[in-house]
Amino acid sequence: MSVLSPKSCRIFPLLTFTTVAYPFASVDPSTGAPKVRYVVHRALTPHSSILLFTSDIRMNKVNHLERSPLAESSFWIDETGVQFRIAGKAYVVPPDADKSDSSRTAAQGIIESMGTQGDEKTVDWWIEERERNWRDGISGHLRATFARPKPGTPLDQCHVKPEDWTETIKPDGHTVGD
């Protein structure tokens, strides 16, 4: 799970998000150049107003954020004609924070650095949020993309032909038809 912490902007609790994609820029550490891509908004934490989005751990943005947390995003609200730009630090909460003490300690350091409030101060809250998002916030089709070859892999280098890729995965991890 990736997060953008807009500590200086507290208007977000007033907004209601539905499925929203927004541009998200990180810094490519190998070139120093910004890299922009769209991410899908997953949630706004209830106590700390932190924006959440999901990313495949194999994506370049994860490496970018682990090496430099500087990030920027923007939103356009059509109804009001207002654009928000948020610059700050974004973090990747370790996906294995529930499996090893070192990852749990790293996750706790990240969580504390974001200035979290209430239950969001605990690693367990973030683990539960990640699991809730996997179960309730992501379609079976999107879950299936996490089981496919690494994003960006040329099709001729894939071990499984695209026509044989899993199309959908249930929240419990089973493919449809299992």
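Owing to the predicted nature of the structure, the values given are computational and were not obtained by experimental measurement. (Residues numbered from 1 in each chain as written. Predicted model: local features only at pLDDT ≥ 70, side-chain atom pairs only at ≥ 80, totals over all residues. Heavy atoms only, no water.)

A. Just the pattern of salt bridges, in detail. This model, assessed by the stated rule, comprises seven salt bridges. R58 serves as the salt-bridge partner of D56, at 2.7 Å between the closest nitrogen and oxygen. Between K99 and D98 there is a salt bridge whose closest N-O contact spans 3.5 Å. Residues participating in the shared-partner salt-bridge network are D98, K99 and R130. (Salt bridge = Lys/Arg side-chain N within 4 Å of Asp/Glu carboxyl O.)

B. The arrangement of the environment of D56 in detail. Within the fold, D56 resides in the loop between β4 (51-53) and α1 (60-67). Judged by relative accessible area, which is 9%, D56 ranks as buried. With 89 residues separating them in the primary sequence, D56 and T145 have C-alpha atoms 8.5 Å apart. Residues within four places of D56 in sequence aside, it is in contact with V62, T145, F146 and P151. Side chain to side chain, D56 and R58 meet in a polar contact 2.7 Å long. (Helix = DSSP H or I, 4+ residues; strand = E, 2+ residues; numbered from the N terminus. Buried < 20%, exposed > 50% of the residue type's maximum accessible area, 1.4 Å probe, protein only. Contact = heavy atoms within 4.5 Å. Polar contact = N/O pair within 3.5 Å; in protein donor to acceptor, adjacent residues only side chain to side chain.)

C. Quick peek at the packing of aromatic side chains. Summed over the entire model, instances satisfying the criterion amount to four aromatic pairs. Measuring from centroid to centroid gives 4.9 Å for W125 and W126, while their planes differ by 80°, and the two rings are edge-to-face. Taking relative accessible area as the criterion, W126 reaches 2% and is therefore assigned buried. Above the ring of W134, the side-chain terminus of R143 is found at 5.8 Å from the ring centroid. (Phe/Tyr/Trp six-rings, centres within 6.5 Å; stacked < 30°, edge-to-face > 60°. Lys NZ or Arg CZ within 6 Å of the ring centre and 35° of its normal.)

D. Main features of the side chain of S55. Locating S55 in the fold gives a position in the loop between β4 and α1. The class for S55 is buried, based on a relative accessible area of 11%. For S55, the side chain forms a polar contact with the side chain of K61, separated by 3.4 Å.

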